Amino acid sequence: MRRGWLIAAILVIALVLALLGAGRFRMFSGTPPTDLGVHDGRFKPPSPTENSVSSQARLHAESRPPASARINPLPLRGKAEASIARLRSVLEATEGVRIVQAEHDYLRAEARTRWLGFVDDLEFWFDPVDGVIHLRSASRLGGRDFGTNRKRIDEIRARYLGLGPKPD
């Protein structure tokens, strides 16, 4: 009986080490989608699974995103350029986030999880018609993110609005 528990413990430890090693070698990072960006005033639809959020989820009813994908856009803080600059500084100060594309009205970033190295794609676009910053955050791999994308966006929103820790 004791030997069985020892073998089980060794197997669990080996599995954890294997997962951490795979994450270290970026085996869980996935490939960036080729259809990111804004096309005709829209981001790509949120995933049909529960691993993304989008302020434009309602615009993609045909792809049947789950209700959990809906999230509000960011309000402007002053003029559009100042708002995008503020958002950029928040993203640059966010642990695990790296900006990969920055335009005057669009930001794209990648967020990497600490231990296993999963990558999520984040997009922000100033919509001149609605006067807001639309956003999208989605996991590259898997069908569930256990609320990680929503939580990250909520933290970014709080800091952007000055409700959380200030960016450096």
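Residues numbered from 1 in each chain as written. Predicted model: local features only at pLDDT ≥ 70, side-chain atom pairs only at ≥ 80, totals over all residues. Heavy atoms only, no water.

### So, the overall build of the protein chain
Part 1: Across its full length, the protein chain carries three helices and six strands.
Part 2: Ordered by position from N to C terminus, the α and β elements of the protein chain give α-β-β-α-β-β-β-β-α.
Part 3: Here the protein chain, with 168 residues, has 39% of them falling under the buried criterion.
Part 4: Partitioning the intrachain contacts of the protein chain with sequence separation of at least 6 by distance along the chain shows that 51% fall at a separation of at least 24.
Part 5: Of the roughly 10,200 Å² that the protein chain leaves accessible, carbon and sulfur atoms contribute 58%. (Helix = DSSP H or I, 4+ residues; strand = E, 2+ residues; numbered from the N terminus. Buried < 20%, exposed > 50% of the residue type's maximum accessible area, 1.4 Å probe, protein only. Contact = heavy atoms within 4.5 Å. Areas by Shrake-Rupley, 256 points an atom, 1.4 Å probe, with all protein chains shown as cover.)

### Brief notes about the side chain of Glu 123
Part 1: In this fold, Glu 123 is placed in strand β5 (residues 119-127).
Part 2: For Glu 123, a relative accessible area of 0% corresponds to the buried category.
Part 3: Looking at Glu 123, its side chain comes within polar contact range of the main-chain nitrogen of Gly 37, at 2.5 Å.
Part 4: Leaving out residues up to four positions away in the same chain, Glu 123 has contacts with Leu 36, Gly 37, Phe 43, Tyr 106, Leu 107, Arg 108, His 134, Leu 135 and Arg 136. (Polar contact = N/O pair within 3.5 Å; in protein donor to acceptor, adjacent residues only side chain to side chain.)

### What to know about the pattern of salt bridges
Part 1: Enumeration over the complete set of coordinates arrives at eight salt bridges.
Part 2: Its salt-bridge partner being Arg 152, residue Asp 120 comes within 3.0 Å of it at the nearest N-O pair. With Asp 120 in strand β5 and Arg 152 in helix α3 (residues 148-160), the pair connects residues that are 32 residues apart, well separated along the chain. Of the two residues examined, Asp 120 and Arg 152, each falls in the buried class.
Part 3: Arg 136 serves as the salt-bridge partner of Glu 123, at 3.7 Å between the closest nitrogen and oxygen. (Salt bridge = Lys/Arg side-chain N within 4 Å of Asp/Glu carboxyl O.)

### Section: the packing of helix α2 (residues 80-92) against α3
Part 1: Put simply, α2 and α3 touch, their axes get as near as 10 Å, and they point 125° apart. Between α2 and α3, the angle is such that the two are oblique. Regarding α2 and α3, the two cross each other, and that crossing is right-handed. Contact residues: Ser 83, Arg 86, Leu 87, Val 90 and Leu 91 in α2; Ile 156, Arg 159 and Tyr 160 in α3.
Part 2: A per-class count over the contact of α2 with α3 returns five nonpolar, one polar and two charged. (Axes fitted to C-alpha atoms, helices over the stretch in contact; angles between N-to-C directions. Parallel < 35°, antiparallel > 145°, perpendicular 65-115°, else oblique. Left-handed = near helix turned anticlockwise from the far one by under 90°. Nonpolar A, V, L, I, M, F, W, Y, C, P; charged D, E, K, R; others polar.)

### Re α2
One turn of the α-helix equals 3.6 residues, which is why residues spaced by three or four share an orientation.
Part 1: Compared with the 18 Å implied by 1.5 Å per residue over 13 residues, the 18 Å span of α2 between its first and last C-alpha is a close match.
Part 2: Those residues of α2 lying buried are Ala 80, Ser 83, Ile 84, Leu 87, Val 90 and Leu 91. Axial view of α2: buried residues confined to an arc of 120°, hence all on one face.
Part 3: Looking at the buried positions of α2, the neighbouring elements they touch are β2 (74-75), β3 (97-102), β4 (106-112), β5, β6 (132-139) and α3. (Expected span 1.5 Å × (residues − 1). Arc of directions from axis to C-beta.)

### Considerations on the confidence of the model for the protein chain
Part 1: Summarising the model, the protein chain shows a mean pLDDT of 85, and 85% of its residues fall at 70 or more.
Part 2: Within the protein chain, the lowest mean pLDDT, 68, falls on helix α1 (residues 2-24), and the highest, 97, falls on β2. (pLDDT = per-residue confidence, 0-100.)

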